[in-house]
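# Fold and geometry: a report
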Amino acid sequence: MAEIEFADGKFTVDRPEARGEVYLQGAHVTRWVPAAQRPVIFLSPNSAFAPGRAIRGGIPVVFPWFGPHPSDPQAPQHGYARTRPWLFAGAAGGALQFELAAEPFRLRYEVAFGATLALTLTVENRSSQEAGCEAALHSYFAVSDVAAVAVEGLAGCTYLDKPDGMRRKLQAGDVTFAGETDRVYLDTPPQLAIRDPGWRRRIAIDKTGAAATIVWNPWRDKAAAMADLGAEAWRGMVCVETGNVADNAVRLAAGASHTMTTAIAVAAL
Ligand code: BG6
């Protein structure tokens, strides 16, 4: 088999270091399995795979707004980048490049499947005026049991607590999960991790050019109401998303670009 193949709307990468998958729709990563590891990325067993529908799980690219559109209730949640077909711009080694025209912006995205999963998203403002945007790599991680894992690195950060009317709160210690959790952490440090004692591993998330981190698990009731997630699978996932949203949204001068990167790696606990 060739290292990279394309069939049924998705690229499949099979290398000694890792296996991976990325759909052309949304440039949506759905799989990354480093050698001798369990899958690191969660993909819902109930996800729809249909044109214009967001895949549930993987790494949706959220752009140019995060959450509901600020003024248009008809506009899709989390923007349109995750449901549009992107342009395949080339591949080298285990890295694939994609582009999306999203006027007035152009997005360039590189996904490199290796012992580390390296993601690089560049936003260019192609207009002659300043323009603002939000962006996030909405990573769903596979975990043994969300109630047993901890997110390290956010102690002392301010967060917006969505289930509590977006109240601003201060994080004390690691983030643990005992109910619906939906938070936008602001001005977060470059190195975070998910500690998973059940699977005896730590997932390290290193980022640059991205000030915000979103942490989400819908918990039992909300998950059961989501047809593409369901009553069972939510326990095996946690989203720790790298982005520039809310207070950390980006403003780009005419012609300017901004790059954010995320590198994900796994180590034994
Ligand atoms: C998270 C948001 O990033 O994405 C949550 O903070 C949201 O509020 C979740 O529920 C999933 O969004 P969607 O549009 O994929 O169902």
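Within each chain, residues carry numbers counting from 1 in the order of the written sequence. Note on the predicted model: pLDDT of at least 70 is required for a residue's local features to be given, and 80 or more for side-chain atom pairs to be given and counted; whole-chain, interface and lining totals, by contrast, use all residues. Values reported for side chains reflect all heavy atoms of the structure, with hydrogen atoms and water molecules removed beforehand.

We now examine the pairing of strand E22 (residues 257–268). For two strands to be treated as a pair, DSSP must find at least two bridges joining them. Helix and strand definitions follow DSSP, with helices as H or I runs of at least four residues and strands as E runs of at least two, each counted in order from the N terminus. Pairing of strand E9 (residues 117–125) with E22, which is carried by eight bridges, proceeds in the antiparallel orientation. Each bridged residue has a counterpart across the sheet, and for Leu-119 the counterpart in E22 is Thr-262.

Nonpolar cores are built from buried Ala, Val, Leu, Ile, Met, Phe, Trp, Tyr and Cys residues. Side-chain atoms within 4.5 Å join them into one set. Exposure categories follow from relative accessible area, calculated using a 1.4 Å probe and restricted to protein chains: below 20% of the type maximum is buried, above 50% is exposed, and the middle band is partly exposed. With 70 residues, the main nonpolar core has Trp-86, Tyr-109, Phe-141 and Ile-194 as its most contacted residues. The element that contributes the greatest number of residues to this core is strand E8 (residues 105–113), accounting for five residues. With sequence-adjacent residues up to four places away left out, Tyr-109 is seen in contact with Ala-27, Val-29, Ile-59, Val-61, Trp-86, Leu-96, Gln-97, Phe-98, Leu-119, Thr-120, Leu-121 and Leu-137. By size, the runner-up hydrophobic cluster in this structure holds nine residues, among which are Val-62, Ala-136, Val-184 and Ile-214. By definition in these notes, contact holds between two residues if any of their heavy atoms fall within 4.5 Å.

Once that is clear, we can look at the side chain of Glu-152. Among the secondary structure elements, Glu-152 is positioned in strand E13 (residues 150–152). Judged by its relative accessible area of 17%, Glu-152 falls in the buried class. By the criterion applied in these results, polar contacts are pairs of N or O atoms within 3.5 Å in which, for protein atoms, one can donate a hydrogen and the other can accept it, and in which residues neighboring in sequence qualify only through two side-chain atoms. Within the structure, Glu-152 has its side chain in polar contact with the side chain of Arg-195 (distance 2.5 Å). Polar side-chain contacts of Glu-152 include one of 3.0 Å to the side chain of Arg-202.

Let's shift gears to the site of the ligand. The near set for a molecule or strand comprises every residue that places at least one heavy atom within 4 Å of it. Near the ligand the following residues occur: Arg-56, Phe-66, Gln-77, His-78, Arg-82, His-138, Lys-162, Asp-182, Ile-214, Trp-216 and Glu-241. With respect to the ligand, the side chain of Gln-77 contributes an N or O atom lying 3.0 Å from an oxygen atom. The separation between an oxygen atom of the ligand and a polar side-chain atom of Asp-182 is 2.5 Å. Reported accessibility uses the Shrake-Rupley method at a 1.4 Å probe radius. Residues are deemed covered only where the shown protein chains occlude them. Surface burial for the ligand is 84%, taken as the share of its 390 Å² of free accessible area covered by protein chains. Each residue gets one of three labels, nonpolar for Ala, Val, Leu, Ile, Met, Phe, Trp, Tyr, Cys and Pro, charged for Asp, Glu, Lys and Arg, and polar for the others, Gly among them. Here the shell around the ligand is composed, by residue class, of three nonpolar, three polar and five charged.

So, on to the sheet that holds E22. As a general point, the strands of a sheet are linked pairwise by backbone hydrogen bonds and lie either parallel or antiparallel. Read across the sheet, eight strands follow the order E6-E7-E8-E9-E22-E18-E17-E13 without closing on themselves; strand pairing throughout is antiparallel. Lying at the two open borders of the sheet, with one neighbouring strand each, are strand E6 (87–92) and E13. Neighbouring strand axes in the sheet, compared pairwise and without regard to direction, differ in orientation by 15° on average. Axis lines are fitted through C-alpha atoms, for helices just across the contact stretch, and the angle between N-to-C directions can take any value from 0 to 180 degrees.

The predictor attaches a confidence to each residue, and that confidence, scored 0 to 100, is pLDDT. Per-residue confidence for the protein chain gives a mean pLDDT of 97, with 100% of residues at or over 70. Averaged pLDDT values for the elements of the protein chain fall to 93 in helix H2 (residues 230–233) and rise to 99 in strand E12 (residues 140–142).

Let us look at the packing of aromatic side chains. Each Phe, Tyr or Trp ring, with Trp reduced to its six-membered ring, pairs with another whose centre is within 6.5 Å; inter-plane angles below 30 degrees give stacked pairs, above 60 give edge-to-face pairs, and intermediate values give tilted ones. By the definition in use, this model includes 12 aromatic pairs. Judged by centre distance (4.5 Å) and plane angle (35°), the ring pair of Phe-11 and Phe-88 falls under tilted. Residue Phe-11 is found in strand E2 (residues 10–14), and its partner Phe-88 is found in strand E6; the two are separated by 77 residues along the sequence. What makes Phe-88 partly exposed here is its relative accessible area of 35%. Considering the side-chain rings of Phe-63 and Phe-105, the 5.4 Å spacing of their centres and the 80° angle between planes classify their relative orientation as edge-to-face. Of this pair, Phe-63 sits in the loop between strand E5 (61–62) and E6 while Phe-105 is found in strand E8, placing the two residues 42 residues apart along the sequence. Ring-pair connections join several aromatic residues into one group, and the members of that group are Phe-6, Phe-11, Phe-88 and Phe-98. Comment: the charge-over-ring label is applied if NZ (Lys) or CZ (Arg) is within 6 Å of the ring centre and within 35 degrees of the ring normal. One cation-aromatic arrangement involves Arg-84 over Tyr-80; the distance from NZ or CZ to the ring centre is 4.0 Å.

Let us now look at the pairing of E2. Covered by surrounding structure in E2 are Phe-11 and Val-13 only, the residues Lys-10, Thr-12 and Asp-14 on the alternate face being uncovered. Examined bridge by bridge, strand E1 (residues 4–7) and E2 share four bridges and lie antiparallel to one another. Bridge assignment links Phe-6 to a residue of E2, and that residue is Phe-11. From the end of E1 to the start of E2, which pair antiparallel, there are two residues, and Asp-8 there has a positive phi angle of about 50°. Across five bridges, the pairing between E2 and strand E3 (residues 18–23) is antiparallel. Looking across to E3, one finds that Thr-12 is bridged to Glu-21. Between E2 and E3, which follow one another and run antiparallel, lie three residues.

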